[in-house]
Amino acid sequence: MSGALGILIEPDVQAPMRDGVRLAAHVFRPDAAGRFPAILLRTPYDRPKSGFERYVRAGYAVVSMDSRGRYGSEGDWVPFTQEHTGDAEDGYDSVEWLAAQPWCDGKVGTLGASYNAWMQWQLAKLRPPHLVAMCAYTIPLELTQVDWPGGFRPGRRIKWWLTSMAPDLRRRHGLPPPHTPEQARQEWEDHWIGYLPWLDFPRQLPPGLAEYARDWLEHPNRRAWKFAEVHQEVAVPNLDFSGWYDHCNGSMQHLPLMQRHGRTERARSQTKLIAGPWNHPSLGHRIVAGFDFGPQAAIDLPDLIIRWFDHWLKGIDNGVNREPAVRYFVMAGRQGQWRSASTWPPPDTAPCEYLLSSDGDAQFGGSGRLSINAGHPSAAADCFSYDPHNPVPTLWTREWFTGPADRRRLEGRDDILCYRSEPLTDAVEIAGHPEVVLFVSSSAPDTDFFARLVDEHPPSGPAPEMCYGMVRARHRHSLDVEQLLTPGDVVELRIRMGPTACRFEPGHRIRLEITSSDFPNHDRNHNTGKNDLADPELVVATNAVHHSAAHPSRLVLPVREG
């Protein structure tokens, strides 16, 4: 037992589960007499061996634990793509084991983001008696919401299987390297980015994992988590963090559902959400993917988390229970501001419609318009060719996480339609989920449509993306229903964009981009109507956006009143 000054570290502690399987844990606790409230972090990504000094010095015992079948823990790992994984029961047993330790005072909170947050929601529904509060952040309600709608199979998720989950299992099975995520990431960059067909990639995975990955690919509409049905069983409050550029920002939907369905008054009234201009790995930072959102955008996550647990685990009256349910950051260059609201989306907004129009040349540099009052002549449609051999590239960092890209980098392409407002005379502030209603046609039986909301700075400043959304045409009605297009027929698509809050300043333009690809963030639609995951054939599609009295394509913004 050793550690930094004032901290005791117990490595490789074995926590027994109800079926006899032992899970490996590291314990970090104050080097002092007495019993302490405890914080539990369970993870499939290799339990952290450090980084909890602030929590321990604030008076907490912290336990980081490998989930079943991962790294130091016994048993077989079942990924969260399956409905029954055993993580709920393991989580319950881990909380109760922790509460019974001689150095724990019996009060336990849980902590973690992403997959680690998924584990918290799983155990919370079983209501372990010693669980007092959660800090489960950045995990959406359902498997189909990870990386956006489940009709898409993004390259980043394929990378996750190959580089994050496979290496440790290769080691456990005695298979050749790569045995670490670092080794596997190099192979990914060398060999896998453009691989076709995706359905063949599970052959590169170790036994067990390969079958799970193939099953995930073959069932894009599977709803394995059902967290929308879980909140009524959750009796403790949760603190959530999310970001406008986070591929898991469907996490923000937990708040309103907890407010309506939480099992106790405390769970309903005290669950909180903090949302800012961040992506998945940069929560709390002011600079994300090279964009500086100003000093106000930066927050100290550990400080806020410690405050949260100080109130719920120690009973300190620090005002946490009197703070608003939502604090969200309104992006405005480097001059963004924090707002508060009673729920998400904020109730103080009203829809404002901008009609799309053009003279038939809405590519960059053309006449694509966004107008509240479209009283000018307009051609009936704008056409572009989508070639899956040459898809619109994803603008992201080497780490393969979504972020606030400058869309001006793509202004030389002719497969992106661009609709712009006139320079604004007054600021327009929005908060919520913008929506695009498109009337479209295609020469193909299936294709994709992406919509991106952009803040175009004058006169030739950056054009950062605010949010985006997409629809795969065959799934335009539901992930559970496939309905191919009749080539040439006009159909209506509704694209709900991700959450955002931003202010378009005077002199800026509101810009909407429409295209048909974003690769490798999302897999390419092959435009054939066949199974894109199994069939490598790629066909060029001619796609069109229609805008007329009969086909009023439009952008609907949730404009903040006042």
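This text gives an overview of the structure that appears in the document. Given the structure is predicted, the values throughout are model-derived calculations rather than measurements.

A word on the nonpolar core. When a protein is soluble and globular, its nonpolar side chains tend to lie buried together. Phe241, Tyr328, Leu453 and Ile510 are the most contacted members of the largest nonpolar core, which totals 83 residues. In this structure, Ala15, Met134, Ala166 and Ala224 belong to the second largest nonpolar core, which totals 66 residues.

Another point: the environment of arginine 524. If you trace the backbone, arginine 524 turns up in the loop between strand S23 (509–515) and strand S24 (541–546). Along the primary structure arginine 524 and asparagine 390 are separated by 134 residues, whereas in three dimensions their C-alpha atoms are 9.8 Å apart. Each residue touching arginine 524, except ones within four places of it in the same chain, is listed here: Gly194, Leu196, Tyr386, Pro388, Pro391, Arg472, Phe519, Asp532 and Leu538. Polar side-chain contacts of arginine 524 include one of 3.2 Å to the backbone oxygen of proline 388.

Let us look at the sheet that holds strand S11 (residues 326–330). If you trace the 4 strands from one edge of the open sheet to the other, you get S7-S8-S11-S12, paired in mixed fashion. Of all strands in the sheet, those with a lone pairing partner are strand S7 (239–243) and strand S12 (337–341), marking the two edges. Put simply, the sheet's adjacent strands are angled 20° from each other on average, direction ignored. Sheet topology places strand S8 (residues 272–276) next to S11; 3 bridges connect them, and they run parallel. Within S11, the position partnered with leucine 273 by the bridge is valine 326.

Every buried residue of helix H7 (residues 254–261) is listed here: His254, Leu255, Pro256, Leu257 and Met258. Lining the buried residues of H7 we find helix H3 (115–124), S7, helix H8 (265–270), S8 and S11.

A separate point is the sheet that holds strand S2 (residues 22–30). Ordered in space as S1-S2-S4-S3-S5-S6, the 6 strands form an open sheet in which the pairing is mixed. The outermost strands of the open sheet, each flanked by one partner alone, are strand S1 (7–16) and strand S6 (131–137). Taken over all neighbouring pairs, the strand axes of this sheet differ in orientation by 20° on average, direction set aside. Sheet topology note: the S1/S2 ladder contains 8 bridges and is antiparallel. Residue glutamate 10 lies in a different strand from S2, and its bridge partner there is valine 27.

Procedures and definitions
Residues numbered from 1 in each chain as written. Predicted model: local features only at pLDDT ≥ 70, side-chain atom pairs only at ≥ 80, totals over all residues. Heavy atoms only, no water. Core = buried A, V, L, I, M, F, W, Y, C linked by side-chain atoms within 4.5 Å. Buried < 20%, exposed > 50% of the residue type's maximum accessible area, 1.4 Å probe, protein only. Helix = DSSP H or I, 4+ residues; strand = E, 2+ residues; numbered from the N terminus. Contact = heavy atoms within 4.5 Å. Polar contact = N/O pair within 3.5 Å; in protein donor to acceptor, adjacent residues only side chain to side chain. Pairing = 2+ DSSP bridges. Axes fitted to C-alpha atoms, helices over the stretch in contact; angles between N-to-C directions.

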